[in-house]
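Coordinates in review
Okay, here's what each chain looks like letter by letter:
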Amino acid sequence: MFDASVYVQRRKKLKEKLGSGLVLFMGNEESPMNYPANPFHFRQDSSFLYFFGLDFPNLAGIIDIDNDRDIIFGDDLTIDDIVWTGPQPTIAERSAEVGVSETQPFSDLEEKVKSAGNVHYLPQYFHALMIKMESLLGIHPNKLNENASVELIKAVVEQRNIKSEEEVREMELAADIAYEMHTYAMRATKPGMVESEISGKVEGIALSKGPGVSFPVIFTINGQTLHNHYHGNIMKDGDKIINDSGAESPLHYASDLTRTYPVNGKFTPEQKEIYEIVLRSQLEAIEAIEPGKMYKEVHLHTAKVIAEGLKEAGFMKGNLEDAVNQGAHALFFPHGLGHMIGLDVHDMEGLGEDYVGYDDTVRRSDQFGLAYLRLARKLEPGNVLTVEPGIYFIPELIDMWKSENKLADFIDYDKVEQCRDHGGCRIEDDVLVTDNGKKVLGMPVPKTVADVEAECAK
Ligand code: GLY
Ligand code: MN
Ligand code: MN
């Protein structure tokens, strides 16, 4: 964990922002896989980690603003636990490490919460905890999230959206593990192998160097399916791979990188044509990042670069300004340019995406494609975000748009039809917004055609 002062400062800032009331942060529990004693890998709740730092189950943290008290609720191990798990420091000893001097048994939490007037809590996603919270707060699980404190959400987002130096160091570590995952995959992939032979090892690298992956590995020859988690295909000569994978740092900060590369190590001319467009758009997007710039503007600029490339390649036509305004590029680039990243890979998505990526100055569009943009707001120093343009040939989407003759002034459907099996191509890096520009995090994973082919050849 970070030094205790980091957590003390974070809680102090939250108290100052909210001014009054009691803040309840539930830590996560273990979650059973197929029977209670056989749980999934434990992952602490990110906001609990942020304010209380303790990385083990069955805790709750209270910030009692009115009385300026921070309390951890949890139970020390009994001898029956110790027989199975080994000895552990006490809750009091561990809480002291995050600057909390007051601890109480978990059973005291109910009285503490019930005696408080104004309880702030965040939206919940863990159903077992939602049931527990019903008994604490008297709110049915179905109604819990609509009663979450918007004031608290906004305050937490404001703090977590700006990464401190020690957080950025963690994120560099996470990106460096992703460097190993991606370069290994490029070197090891060969025609005839099954995707899982590589994806399993990629996940193993994350586990061997930290807590593990930051989200389920996307490793597929069918990259036109954006979040494809099937790893059972045989990789053939002429196929290309989308590897979208990232790791957690020791303190659970995420990385999220994507590379696209040929299975046999050499791009075909058709693959290269599309790849170069995506690469140019990604480099231009990174170049455009600076404090004060709306990320929506960077997204739309990237869409324009993609549209220009696709026009040169014969897939799009007409006035590209109009094409992008009307969303024609979204046939090929149907998702957003990126998202905030931090303790969560889609940082704080569980608190409400619009609180994180939008604000009073920018509202989410309902246009297909642009509606999926998770981050639109003005960038600030300390934001860390992904830059992940892509071009995809999604047969089902092509068929639908073509049958509707949708935006036909901007799309050459005959040409698109010829290439409906082109699959997908995405390139993604994690970028810190600095005081005067940006920094791509981690060791640079090969990205130019020449560098990717050289890595594949090693
Ligand atoms: N790895 C999922 C994403 O790029 O958003
Ligand atoms: Mn990704
Ligand atoms: Mn991403």
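Residues numbered from 1 in each chain as written. Chains lettered and ligands numbered in written order. Predicted model: local features only at pLDDT ≥ 70, side-chain atom pairs only at ≥ 80, totals over all residues. Heavy atoms only, no water.

1. Remarks on the overall build of the protein
What counts, and what does not: Helix numbering and strand numbering both begin at the N terminus, where a helix is a DSSP run of H or I of at least 4 residues and a strand a DSSP run of E of at least 2. Residue burial is assigned from relative accessible area. The probe radius is 1.4 Å, only protein chains are included, and a residue is buried under 20% of its type maximum, exposed over 50%, and partly exposed in between. Only heavy atoms matter for contacts: two residues are in contact if any of them lie within 4.5 Å across the pair. For the accessible areas, the method is Shrake-Rupley and the probe is 1.4 Å, while residue cover comes only from the protein chains on display. Charged residues are defined here as Lys and Arg on the positive side and Asp and Glu on the negative side; His and the ends of the chain fall outside this count. Just so you know, the charge point we use is NZ for Lys, CZ for Arg, CG for Asp and CD for Glu.
For the protein, the count of helices and strands is 17 helices and 15 strands. Judged by the C-alpha coordinates and their principal axes, the protein covers about 70 × 50 × 40 Å. When burial is assessed residue by residue, the protein has 55% of its 458 residues classed as buried. Considering only contacts in the protein between residues 6 or more positions apart, those separated by 24 or more positions represent 73%. If you sum the accessible surface of the protein, you get close to 19,600 Å²; carbon and sulfur atoms cover 51% of it. Averaged over its 46 positive side-chain charges, the protein has a centre that lies 4 Å from the centre of its 75 negative ones.

2. Focus: the coordination of the manganese ion (ligand 3)
The condition that has to hold: For Na, K and Ca the donor cut-off is 3.2 Å, and for all other metals it is 2.8 Å, counting N, O and S atoms only; because water is absent from this set, sites may look incomplete. Working rule for geometry: tetrahedral if four donors all subtend angles between 85 and 135 degrees; square planar for four, octahedral for six, if opposite donors exceed 155 degrees and the others stay between 65 and 115; irregular in every other situation.
The coordination sphere of the manganese ion (ligand 3) contains the protein donors D256 (OD), H339 (NE2), E388 (OE) and E428 (OE), at a distance range of 2.1 to 2.2 Å. Coordination at the manganese ion (ligand 3) comes from 6 donor atoms whose angles at the metal span 48 to 158 degrees, giving a geometry best classed as irregular. The sequence pattern describing where the donors of the manganese ion (ligand 3) fall on their chain is D-x82-H-x48-E-x39-E. Between the manganese ion (ligand 3) and the manganese ion (ligand 2), the interatomic distance is 3.2 Å, and D256 donates to each metal, bridging them. Residue H339 is found in the loop between α13 (320–326) and α14 (353–357), and its partner E388 is found in the loop between β11 (384–387) and β12 (390–392); the two are separated by 49 residues along the sequence. The burial state of H339 is the same as that of E388; both residues are buried.

3. What to know about the layout of surface pockets
The criterion, for reference: Here a cavity is any set of points on a 1 Å grid over the protein atoms alone where a 1.4 Å probe fits but cannot get out, and a pocket is any open set with protein on both sides within 12 Å along at least 5 of 7 lines; a residue lines the site when it has an atom within 4 Å of a point. Grid points are joined across faces, edges and corners, and a volume is the space filled by probe spheres set on the points. When residues are grouped by polarity, Ala, Val, Leu, Ile, Met, Phe, Trp, Tyr, Cys and Pro land in nonpolar, Asp, Glu, Lys and Arg in charged, and all others, Gly among them, in polar.
In this model, the largest pocket occupies a volume close to 930 Å³. Taken together, 39 residues line the largest pocket, and the ones lying closest to its centre are N28, R43, Q44, Y125 and D344. Those elements that provide at least two residues to the lining of the largest pocket are β1 (22–26), α2 (46–52) and β6 (212–213). Counting residues per element, the lining of the largest pocket draws most heavily on β1, which supplies 3 residues. In the lining of the largest pocket, the residues fall into 20 nonpolar, 11 polar and 8 charged.

4. Points about the coordination of the manganese ion (ligand 2)
Tetrahedral coordination by four donors puts the ideal angle at the metal at 109.5 degrees, and octahedral coordination by six puts it at 90 or 180 degrees. Every protein donor of the manganese ion (ligand 2) is listed here as D244 (OD), D244 (OD), D256 (OD) and E428 (OE), and their distances to the metal cover 2.1 to 2.5 Å. Geometry at the manganese ion (ligand 2) is irregular, judged from its 6 donor atoms and the angles of 55 to 168 degrees they form at the metal. Read in sequence order, the donor residues coordinating the manganese ion (ligand 2) give the pattern D-x11-D-x171-E.

5. A few points about the sheet that holds strand β7 (residues 218–220)
Put simply, the rule is: A pair of strands is considered paired only if DSSP assigns at least 2 bridges between the two. Interaxial angle, 0 to 180 degrees, is taken between N-to-C directions of lines fitted to C-alpha atoms, where a helix line uses only the stretch in contact.
One open sheet accounts for 3 strands, arranged β7-β8-β10; its pairing is antiparallel. Looking at which strands have only one partner, the edges of the open sheet turn out to be β7 and β10 (257–262). Each neighbouring strand pair of the sheet contributes to a mean axis angle of 10 degrees, computed without reference to strand direction. Summarising the sheet, β7 and strand β8 (residues 240–245) pair through 3 bridges and their orientation is antiparallel. Among the inter-strand pairings, T220 is bridged to a residue of β8, identified as I242.

6. Some words on the packing of aromatic side chains
The condition is simple: In this analysis, rings of Phe, Tyr and Trp, with Trp reduced to its six-membered ring, are considered paired at centre separations within 6.5 Å, and the interplanar angle assigns stacked below 30 degrees, edge-to-face beyond 60, and tilted for intermediate values. Two limits define a charge over a ring: the Lys NZ or Arg CZ must be within 6 Å of the ring centre, and within 35 degrees of the ring normal.
For the structure shown, the criterion picks out 12 aromatic pairs. Ring centres of F267 and Y275 lie 4.8 Å apart, and the angle between their planes is 50 degrees; on these two criteria the pair is classed as tilted. Y275 gets classed as buried once you look at its relative accessible area, which sits at 1%. Taken together through their ring pairs, the aromatic side chains of F25, F48, Y50, F51 and F52 make up a single cluster. One Lys or Arg, R10, reaches over the ring of Y50 and ends 3.9 Å from the middle of that ring. Directly above the aromatic system of F56 lies the positively charged group of R94, at a separation of 3.7 Å from the ring centroid.

7. So, the sheet that holds strand β4 (residues 102–104)
Pairing in this open sheet of 5 strands is mixed, and the strands run β4-β3-β2-β1-β5 from one edge to the other. With partners counted over all chains shown, the strands left at the sheet margins are β4 and β5 (119–121), one partner each. Taking each pair of neighbouring strands and ignoring which way they run, the sheet shows an average axis angle of 25 degrees. The pairing of strand β2 (residues 60–64) with strand β3 (residues 69–73) spans 5 bridges and is antiparallel. Residue pairing for β3: I62 is matched across the bridge by I71.

8. Considerations on helix α6 (residues 127–137)
Test applied: Read the arc as the range of directions from the helix axis to the C-beta atoms.
Of all the positions in α6, only L129, M130, M133 and L136 are classed as buried. One face of α6 carries all of its buried residues, which in axial projection span an arc of 110 degrees. Exposed side of α6, more than 90 degrees from the buried face: H127 and I131 are the residues found there. Taken together, the buried residues of α6 touch β1, α5 (109–114), β5 and α7 (141–144). One or two positions beyond α6, positive phi appears at G138, with a value near 70 degrees.

9. With respect to the nonpolar core
The nonpolar side chains of soluble globular proteins are, as a tendency, buried together. Rules: To qualify as a nonpolar core, a set must consist of buried Ala, Val, Leu, Ile, Met, Phe, Trp, Tyr and Cys residues joined through side-chain atoms within 4.5 Å.
Within the largest apolar cluster, 61 residues are counted, with the highest numbers of intra-cluster contacts made by I198, L310, F315, F332, I391, F393 and I411. Sorting elements by how many residues they give to this core places helix α9 (residues 165–188) first, with 7 residues. If near-sequence neighbours (up to four positions away) are discounted, I411 is found in contact with F315, M316, K317, A328, L331, W401, K406 and V416. Counting residues in hydrophobic clusters, the runner-up holds 57 residues, among them V23, F51, M171 and I218.

Everything listed here is a matter of coordinates, which is why it stays silent on function.
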